[in-house]
Every structure is written in structure tokens, then in C-alpha cells.
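Observations on chain architecture
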Amino acid sequence: MLRTDRADNNVPLSKTCGRRSNAVSDINFIIMSAMNPQIQAFFDAATGTVTYVVHDGRDCAIIDPVLDYDPRSGRTATTSADAVVAFVRDHGLTPVWLLETHAHADHLSAAPYLKQVLGGRIAIGSHIADVQQAFARVFPQAPGVRREFDHLIAPDEVLTIGTLQLQALHVPGHTPADLAYRIGDAVFVGDTLFMPDVGSARCDFPGGCAATLYRSVRRLLALPPATRLFMCHDYPPAGRPARWETTVAEQRAHNIHMHDGVTEQQFVEMRTRRDATLPMPVLILPAIQVNISAGQLPEAEANGVRYLKIPLDAF
Ligand SMILES: [Fe+2]
């Protein structure tokens, strides 16, 4: 099973790692709409990823959609995405936003496919530029060639989904560009926290920083205790079915890495030690080159075949 919390330990950390910034300071959350969203989750067992459709009965956002990809054959498929399409159509929903919490390293995004089939605008955090820059050494693209996202979301920007309001919380640490999406009493946490018995996301990708993740998570856990938290992944221990919903109170009491009382220093030491033992995710090279280009697959070459690039001896 793939684990987002696995890693290559030889990539440079951000020069600003651990520095306090506005992005992770204890700023007050704005008062959000009282409207709580309706939420449908789709769990992809192959990558441990959860895709969400968040809606008000009419308009919706789709968060972190998965394009099926078999690294052995190089075949893509839309089985997972088509389950989302069926739900959206069955409920008469109109997708307004196709949102990524960050540039995933464990799966390819299905956002372009969903945009083509259902509509909606593809968006990601504005700090994706930092991630693109971090990988430019191995996946360079000439200016103007990169297929851009439809919208880059600024920290704390508010988006509208019909009668719902979404606030994008900048929660860097796993990557510089991670966002969590707060809608009513629900927060889609991306790769910050995992379920309490799994812990937290790895911090050793380019631009990652354990101290920064600690501060981002503390920001999330300062929300009201009953706030519903929806995970981006679950990697259930043997014998436990996959789960993806918990609360601030449950995380503060039971998260094995980030429960109340864990200091920043303790977390950083634990996370650094653990990340040093983790291999790179199986799909990081296929996934990153696609996902930093808004999920667009490469154009076909003269022979009609599309190719992904595998850099040799670069990591
Ligand atoms: Fe991730």
C-alpha cells in the first residue's frame, strides 16, 4: 500500500523551514457562513486517497479527484472519477470548483477529466509556484508552456459554492502550498493530519518542513472542538476499515503525533526520525510532473503516444 507519509530523505528542505510567518501564525479565522455542507466521500483503496463532493443540494466543489494509473502498464483509467461523475449527475449538482489541497505525490489528478465532463474551474494554492520551482530542476518547462490552473487560491481567500462559503486555510509543512478548506463546520485538511491512530503527513519533500507543519496543525486544532475534520488519506492499520472523518476534539485527545501536550520540538524530532526511514512514494515521479501542471497529461508525440518522464539519478 502506498503511503503519503513515506519519503526520500535526500531532498533539500526549504530555507525558510521553521520560520514563523503570517501563513502559519495564529490569525483569527473569519466568521463563516452558518450553512453546513453536505458531503459525499469516495475512497480510492489503491492510493488511500479520499475524494469529496461538497454541496448545498445544487452547486458543488470536488476536492482531490483521482485519475486511476497503473505504474506497471502505464495505463490510465477513469473508473474512480466516473463514480464521482455519476454521483454529481444523479444529484443534479453543478460543479463550481475542482480543488486540489496540494500537488499530490501519490496519485494523478482527475481534475482535467472532470472539468471536461462536468465543468468547473481547477484551483490550487497560490504557493504551488514554490512547488513548481522546487521541481523545475527535473521537470523544467519553458515559460508559457506550462498548462496553468484556472485559479490560484490566496491564503485565507474565500470561495463561493452556491450558498456555501469556503475559506482556504494555508497549512504548509508537507509542501509549501498545502491548503485546508473550511466550509461551515467541516474542514478538509489535506496532507496535514491523518486519522488519530496514523498521525501526520511526512515533511521531507522539497519545501517541506516539520516545524511549519506543527504550526499549521496547531492552527487547525484551535478550531472549535466539534469541527468535523475530513482526511485526504487513510492508511488504516491492519484490521481497521478505512475511515476519513474525525473531529478537532478527537485529534487533540488521541492523535499519536499531535495530541495536546506534544511540543514543536518533540514533533520535529519524531517527524524527522520517521521521515528518514520512508521510501519515496511509488507514483511520485509520474504524479508530480502531471499535478504541478494542473493535472494535464502530456501531449501525444509524433507517433500518437503520450509519455511521462522518469528522471534518472535525480533523487
Ligand atoms: Fe501529499
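This section reports on the structure supplied with the text. Quantities reported herein were computed from a predicted structural model and do not represent experimental measurements. (Residues numbered from 1 in each chain as written. Predicted model: local features only at pLDDT ≥ 70, side-chain atom pairs only at ≥ 80, totals over all residues. Heavy atoms only, no water.)

Points about the overall build of the protein
Scanning the protein from N- to C-terminus turns up seven helices and 15 strands. The long-range fraction of contacts in the protein, counting pairs at least 24 apart against all pairs at least 6 apart in sequence, stands at 71%. (Helix = DSSP H or I, 4+ residues; strand = E, 2+ residues; numbered from the N terminus. Contact = heavy atoms within 4.5 Å.)

Comments concerning the packing of aromatic side chains
Applying the stated criterion across every chain yields a total of eight aromatic pairs. Ring centres of F135 and F315 lie 6.2 Å apart, and the angle between their planes is 50°; this geometry places the pair in the tilted category. Taken together, the residues F135 in the loop between α3 (128-134) and β9 (151-153) and F315 in the segment after α7 (284-291) connect sequence positions 180 residues apart. With relative accessibility at 4%, the residue F135 sits in the buried group. One aromatic cluster is present, built from ring pairs that chain together Y52, F188 and F230. The ring centre of F315 lies 5.9 Å from the NZ or CZ of R137, which sits over that ring. (Phe/Tyr/Trp six-rings, centres within 6.5 Å; stacked < 30°, edge-to-face > 60°. Buried < 20%, exposed > 50% of the residue type's maximum accessible area, 1.4 Å probe, protein only. Lys NZ or Arg CZ within 6 Å of the ring centre and 35° of its normal.)

Topic: the coordination of the iron ion
The iron ion binds to the protein through H102 (NE2), H174 (NE2) and D191 (OD); the donor distances cover 2.1 to 2.4 Å. One chain supplies every donor to the iron ion, and in sequence these donors are spaced H-x71-H-x16-D. Pair noted here: H102 is in the loop between β6 (94-99) and β7 (108-109) and D191 is in the loop between β13 (186-188) and α4 (210-221), with a separation of 89 residues, a long-range link. Assigned by exposure class, H102 and D191 land together as buried. (Donors = N, O, S within 2.8 Å, 3.2 Å for Na, K, Ca; no water.)

Thoughts on the pairing of strand β4 (residues 66-70)
Within β4, four of the five residues are buried, leaving the element largely enclosed by the surrounding structure. Bridge analysis of β4 against β7 gives two bridges, and the strand direction is antiparallel. What sits directly across from V66, in β7, is S109. (Pairing = 2+ DSSP bridges.)

Quick look at the state of the cysteines
Taken as a whole, this structure holds one disulfide when the rule is applied. Bridging C17 to C209, the disulfide has an S-S length of 1.9 Å. Of note, the bridge from C17 to C209 carries an S-S torsion of about 85° and is right-handed in sense. Within this pair, whereas C17 is found in the segment before β1 (38-44), its partner C209 is found in the loop between β13 and α4, the two being separated by 192 residues in sequence. Its relative accessible area of 2% is what places C209 among the buried residues. (Disulfide = S-S within 2.5 Å.)

What to know about the side chain of S200
Its place among the elements puts S200 in the loop between β13 and α4. Side-chain polar atoms of S200 contact the side chain of H257, separated by 2.8 Å. (Polar contact = N/O pair within 3.5 Å; in protein donor to acceptor, adjacent residues only side chain to side chain.)

Brief notes about the pattern of salt bridges
Pairs can form between side chains of opposite charge whenever their charged atoms are close. A complete count under the given rule lists 12 salt bridges for this structure. R58 is the partner of D59 in a salt bridge, and the nearest nitrogen-oxygen pair spans 3.4 Å. On the basis of relative accessibility, which here comes to 55%, the residue R58 falls in the exposed class. Members of the salt-bridge network, linked through shared partners, are D197, D234 and R240. (Salt bridge = Lys/Arg side-chain N within 4 Å of Asp/Glu carboxyl O.)

A short note on helix α6 (residues 264-275)
A rise of 1.5 Å per residue sets the reference length of α6, with its 12 residues, at 16 Å; its end C-alpha atoms lie 16 Å apart and thus fit the reference within 8%. Buried within α6 we find F267, M270, R271 and D275. Buried residues of α6 fall within an arc of 120° about the axis and therefore sit on the same side. Projecting away from the buried face of α6 at angles above 90 degrees are the exposed residues Q265 and R273. (Expected span 1.5 Å × (residues − 1). Arc of directions from axis to C-beta.)

Notes on the nonpolar core
Residues V53, I62, V88 and L114 are the most contacted members of the largest nonpolar core, which totals 39 residues. Of all elements in the fold, only β3 (59-63), β4, α1 (79-90), α2 (111-118), β8 (121-125), α3 and α7 reach the threshold of two or more residues within this core. Counting residues in hydrophobic clusters, the runner-up holds 22 residues, among them L213, L220, L229 and M270. (Core = buried A, V, L, I, M, F, W, Y, C linked by side-chain atoms within 4.5 Å.)

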